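Reading the structure
Given next are the chains, with one letter for each unit.
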Amino acid sequence: MSQDNLVQFEDYVSAAKRQRRLIGVIVVGFVVLALVATLLMPERYTSESRVLVRPVLDPSDQRSEEVNIDTERGVAKSLSVAAIAAGKIGSEESPGALLGNLSVEPVTDSQILVFRYTDADADAAFEAAGAFAESYLQFRTEEADSANEQIQQALE
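A brief look at the structure comes next. Everything numeric here is computed off the predicted structure, so don't read it as measured data.

A short note on the pattern of salt bridges
Summed over all chains, the structure comprises four salt bridges. A salt bridge links Arg 50 to Glu 48; the shortest N-O distance between them is 3.0 Å. Residue Arg 50 is classed as exposed on the basis of its relative accessible area of 52%. For Arg 140, the salt bridge goes to Glu 72, with nearest N and O atoms at 2.9 Å. Taken together, the residues Arg 140 in helix H6 (residues 122–155) and Glu 72 in helix H3 (residues 69–76) connect sequence positions 68 residues apart. Exposure class is identical for Arg 140 and Glu 72. Each is buried. Ionic contacts of the salt-bridge type, sharing partners, join the residues Glu 48, Arg 50 and Arg 116 into one network.

Focus on the sheet that holds strand S1 (residues 45–52)
Two modes of strand pairing occur in sheets, parallel and antiparallel, and in both the strands are linked by backbone hydrogen bonds. Pairing is antiparallel in the open sheet, where three strands are placed in the order S1-S5-S4. Lying at the two open borders of the sheet, with one neighbouring strand each, are S1 and strand S4 (102–106). Sheet twist, expressed as the mean angle between neighbouring strand axes with direction ignored, is 20 degrees. As paired elements, S1 and strand S5 (residues 112–119) share eight bridges and run antiparallel to each other. Across the sheet, residue Ser 47 finds its bridge partner in S5, namely Tyr 117.

Cut-off values and rules
- By convention here, each chain's residues receive numbers from 1 onward along its written sequence.
- In keeping with the model being predicted, local features are shown solely for residues with a pLDDT of at least 70 and side-chain atom pairs are shown and tallied solely at 80 or more, while totals for entire chains, interfaces and linings include all residues.
- Side-chain calculation: all heavy atoms of the structure are included, whereas hydrogens and water are not.
- One speaks of a salt bridge when a side-chain nitrogen belonging to Lys or Arg is within 4 Å of a carboxyl oxygen belonging to Asp or Glu.
- Here's how the labels work: a residue is buried when its accessible area is under 20% of the maximum for its type, exposed when over 50%, partly exposed in between, all with a 1.4 Å probe on protein chains only.
- Think of it this way: any DSSP run of H or I at least four residues long counts as a helix, any run of E at least two long counts as a strand, and we number them from the N terminus.
- Being paired, for any two strands, means DSSP has found at least two bridges between them.
- Orientation is described by lines fitted to C-alpha atoms, with helices fitted over the stretch in contact, and by angles between N-to-C directions that extend from 0 to 180 degrees.

If you want it as structure tokens, here you go:
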């Protein structure tokens, strides 16, 4: 192959120099588009609450079951918990609609659940994240109390 057919780095540099105005216009255009898109996007706020999931003690044999964090995550995202949360925040939205703005994720290698709620209003996001965490704990407490009552009744 001859040297005449090889494209050299200097050839690319000189081509870029010749087209520098076009390249500049394209870069500025993309920057302007990004700014316009950012200004037109609605603001969204996300608030976060964390809950430590503890095992429930079985009073009949004084043992506690191992916590399955994926199961607890499913409970936290249930309609039952969402209904309790809707009552706490006084929302007119359905519990299912509230769940659309909620994410519940476990912290890696822990028994902590992170409740994140996103809303256009920062205060509403803050209130809902806390309400979902409290509602999860309330639901779990009620379930444990119900199980204890059943065991007590069986013993009597």
